[in-house]
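Observations on the model geometry
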Amino acid sequence: MGHRKLRLQEKRDLLVAGETDGGRKLRADVATAFPTLGTDQVSALVPGKEELNVVKLYAHRGDAVTVYVCAGNPILFELEKNLYPTDLMLPGLVVPPAGLPQVQKGDLCAIALVGNRAPVAVGVAAMSTTEMLTSGLKGRGFSVLHTYLDHLWRSGDKSSPPSLAPPAQDTPDVNEEKGSVQAEPALQGEMKRLTLEGEDKENGEVQQQLCGEKSLSEAAEDPGVRGLNPEPTDSKTLQEQMDELLQRCFLHALKCHVKKADLPLLTSTFLGSHMFSCCPEGRQLDIKKSSYKKLSKFLRHMQQEQMIQVEELSRGVESIVAVDWRHPRITSFVIPEPSPTSLTIQEGSREQPYHPPDIKPLYCVPASMTLLFQESGHKKGSVLEGGEVRTIIINYAKKNDLVDADNKNLVKLDPILCDCILEKNEQHTVVKLPWDSLLTRCLERLQPAYQVTFPGQEPIVKKGKICPVDITLAQRAYNKKVTVVRNLEAYGLDPCSVAAVLQQRCQASTTVTPAPGAKDSLQVQIQGNQIHHLSRLLLEDYHLPRKYIQGLEKAPKPSKKK
């Protein structure tokens, strides 16, 4: 059931719907939950003479779920005393003229794909229609409870949703850039239906994308709604496609990246530094979406095929200790051609040589200094260059007659300047400041920002200080040293390309892994103390200014001659 993955089927009670109080009570509960359904529609959903199973389930995080199963198919489920229909059984729904439905926060919604009215998921609105429109379809639009292909669906006969053509008046109402979320009108009853743009593909490829909490715009733009493999003729499931991608990256990594000298190799390093880098452009490797679910299980399967040998060299930590590079699956693997659109920085390449970005420090006006800058037309958040700040301060002092008549090098401090640049203990003691001290204090109290301009691109302005390329030494297993480099991306350097260059120059193994505590950032690790090589690469080859590199002082000192 979405992000509440079912993990335990605890209890199953049997009752005949038409002959027990339980069946009558269920029909009464359905009529109460969905008051616009007629008696015939309620009876169609909960037949009087069919066997009805009540299944008690527990979601992964511990929520208790009651599922009502009729003729082997789940028809309703109850969560936190609320009754929900499954996405395959939604009788009595009538669509009025097209338009965004009037949804209130907490309303029950059905989710369908454009071109097919049959819902593929059931969820609860996380915001009202007004809030959705006000936010521009940004943020979390709904929480998904149950989707086609999830564990609840698998407990039934695993039938596909029917193909229900949209009515003639069913037209898109709200668009957002390339993707769109189309909201179908309010349905008769308590259900509202939201339609996600994307090919139906028999609805076979949406379960993983709709699980959990997904924003409206994210769900619309998520390529997974259209399927993992963009080829419409591919009938493989998401899981089968991910299994193939996993094995492809595994074979590619063994054939091209892992050397005998790298062994033993931590399995986590093998995944993060080698398999991920072999993933084709536009695809995303996710073991959890494969049939293996865990890296350890996948590697055990590869070990059974006698391609690798995995051992636990230290408690709880597995490593690849041997690889059979003569295995037929490795020798026969055809290395895919690199994508022509992927931008790399190759050593010796003269076609696209790397040029460092132009980095300019800027200053942002904080709320505490708005009075000082408002006369010049600036407000809180305005971004200025250092020269602009200097001009504004000089003009302010002259306009307000603050230049000392006896000493032109001093500036008298009016109440605004006192509040902006003086400490509390200086408020009644400091009445004048030299020009250089005044300007320095102003710059110090402004918030830092910077502008980065890469060759041939528009300038990018960011708040805060730019992080320098950070070089550190770390100790690893068996007392081995490794050199770690972070923040390369901020300067337009591809960590994988830098790692490849260093591997050749240092004749040492390199790995690229996610940087701890940094979102969407990678770090490069090189065996040994390689700061001398890094210094030459960054300063002499890439021409990065030294002030944007920290850690060069940790280079090994030359050995003394005897």
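It should be noted that the structure appears before, not after, this text.
The present account deals with the structure reproduced in this document.

Quick notes on the rules
- Residues numbered from 1 in each chain as written.
- Predicted model: local features only at pLDDT ≥ 70, side-chain atom pairs only at ≥ 80, totals over all residues.
- Heavy atoms only, no water.
- Helix = DSSP H or I, 4+ residues; strand = E, 2+ residues; numbered from the N terminus.
- Buried < 20%, exposed > 50% of the residue type's maximum accessible area, 1.4 Å probe, protein only.
- Contact = heavy atoms within 4.5 Å.
- Areas by Shrake-Rupley, 256 points an atom, 1.4 Å probe, with all protein chains shown as cover.
- Core = buried A, V, L, I, M, F, W, Y, C linked by side-chain atoms within 4.5 Å.
- Phe/Tyr/Trp six-rings, centres within 6.5 Å; stacked < 30°, edge-to-face > 60°.
- Pairing = 2+ DSSP bridges.
- Axes fitted to C-alpha atoms, helices over the stretch in contact; angles between N-to-C directions.
- Arc of directions from axis to C-beta.
- Left-handed = near helix turned anticlockwise from the far one by under 90°.
- Nonpolar A, V, L, I, M, F, W, Y, C, P; charged D, E, K, R; others polar.
- Patch = residues over 30% accessible without salt bridge, like charges linked within 9 Å, V, L, I, M, F, W, Y side chains within 5 Å.
- Salt bridge = Lys/Arg side-chain N within 4 Å of Asp/Glu carboxyl O.
- Lys, Arg positive; Asp, Glu negative; His and termini not counted.
- Charge placed at Lys NZ, Arg CZ, Asp CG, Glu CD.

Moving on: the overall build of the protein. Scanning the protein from terminus to terminus reveals 16 helices and 25 strands. Burial statistics for the protein: of 562 residues in total, 46% are counted as buried. Long-range pairs, those at least 24 residues apart, make up 59% of the contacts in the protein with a sequence separation of at least 6. With the model as given, the accessible surface of the protein reaches about 30500 Å², and the carbon-plus-sulfur share is 50%.

This part takes up the nonpolar core. One finds Val469, Ile471 and Leu538 to be the most contacted residues of the largest nonpolar core, which totals 32 residues. Those elements that provide at least two residues to this core are strand E19 (447-453), strand E21 (469-475), helix H15 (495-506), strand E24 (522-527) and helix H16 (531-541). Leave out the neighbours within four places in its chain, and Leu538 touches Val469, Ile471, Leu488, Leu493, His543, Leu544 and Ile549. Leu246, Leu254, Val258 and Met275 belong to the second-largest nonpolar core, a separate cluster that totals 30 residues.

On to the packing of aromatic side chains. Following the criterion strictly, the structure yields five aromatic pairs and no others. Residues Tyr354 and Tyr542 carry aromatic rings whose centres are separated by 5.1 Å and whose planes lie at 65° to one another, so their mutual orientation is edge-to-face. Of this pair, Tyr354 sits in the loop between helix H10 (328-331) and strand E15 (358-364) while Tyr542 sits in the loop between H16 and strand E25 (549-550), and the two are 188 residues apart along the sequence. Of the two residues, Tyr354 and Tyr542, both sit in the buried class. Taken together, the ring pairs connect Phe250, Phe270, Tyr292 and Phe298 into an aromatic cluster.

Strands pair in a sheet through their backbones, by hydrogen bonds, and they do so in one of two ways: parallel or antiparallel. Ordered in space as E23-E24-E22-E21-E25, the five strands form an open sheet in which the pairing is mixed. Edge positions in the sheet fall to strand E23 (510-514) and E25, since each has one partner strand and no second. Docked against the sheet, H16 engages E21, strand E22 (481-486), E24 and E25, running at close to 170° with respect to E21.

Take the sheet that holds E19 next. Taken together, the four strands give an open sheet; going across it, the order is E16-E15-E19-E20, and neighbouring strands pair in antiparallel fashion. The open sheet has two edge strands, strand E16 (383-384) and strand E20 (460-463), and neither has a second partner.

Turning to the side chain of Thr66, a few remarks are in order. In this structure, Thr66 sits in strand E3 (residues 64-70). Beyond its immediate sequence surroundings of up to four residues, Thr66 is in contact with Val54, Val55, Lys56, Leu76, Phe77 and Glu78.

This next bit is on helix H14 (residues 435-445). The α-helix winds at 3.6 residues per turn, so residues separated by three or four positions along the chain end up facing the same way. Three or more residues of H14 are buried, namely Trp435, Leu438, Leu439, Arg441 and Cys442. With its buried residues spanning 160° around the axis, H14 presents them on a single face. Across H14 from its buried face, at more than 90 degrees, point the exposed residues Asp436 and Glu444. Against helix H11 (370-373), helix H12 (386-399), strand E17 (410-412), helix H13 (415-421) and strand E18 (432-434) lie the buried residues of H14.

What follows concerns the packing of helix H7 (residues 238-256) against helix H9 (residues 295-304). At a minimum axis distance of 12 Å, the contact between H7 and H9 shows a crossing angle of 65°. Once H7 is placed against H9, the crossing between them reads as right-handed. Where H7 abuts H9, its residues Leu246, Gln247 and Phe250 lie against Phe298, Leu299 and Met302. Here the residues of the contact of H7 with H9 sort into five nonpolar, one polar and no charged.

Looking now at the side chain of Thr511. Mapped onto the secondary structure, Thr511 falls in strand E23. On the accessibility criterion, Thr511 (12% relative accessible area) is buried. Non-local contacts of Thr511, meaning those with residues more than four positions away in its chain, are made with Thr269, Ser273, His274, Gln523, Val524 and Gln525.

This brings us to the environment of Ala110. Mapped onto the elements of the fold, Ala110 is located in strand E6 (residues 108-113). In this structure Ala110 comes out as buried when scored by relative accessible area, which is 0%. Residues Ala110 and Val120, 10 residues apart in the sequence, show an inter-C-alpha distance of 7.5 Å.

Attention now moves to a positive patch on the surface. Together, Arg154, Lys293, Lys294, Lys297 and Arg300 line one region of the surface with positive charge. Along the polypeptide, Lys297 turns up in helix H9. Given a relative accessible area of 41%, Lys297 falls into the partly exposed group.

For E22 and E24, the ladder comprises four bridges, and the chain directions are antiparallel. Each bridged residue has a counterpart across the sheet, and for Val482 the counterpart in E24 is Gln527. Examined bridge by bridge, E23 and E24 share five bridges and lie antiparallel to one another. For Thr511, the partnering residue across the bridge sits in E24 and is Gln525.

This next bit is on unusual backbone geometry. A cis amide bond links Leu263 with the next residue in sequence, Pro264, at an omega value of -5°. Tracing the backbone through its elements, the reader meets Pro264 in the loop between H7 and strand E12 (265-266). Within the chain, Lys293 stands out as a residue other than glycine whose phi angle is a positive 70°. Relative to the assigned elements, Lys293 resides in the loop between helix H8 (267-275) and H9. For Asn487, which is not glycine, the phi torsion reads 70° and is therefore positive. Along the chain, Asn487 turns up in the loop between E22 and H15. The class of Asn487 is partly exposed, set by a relative accessible area of 22%.

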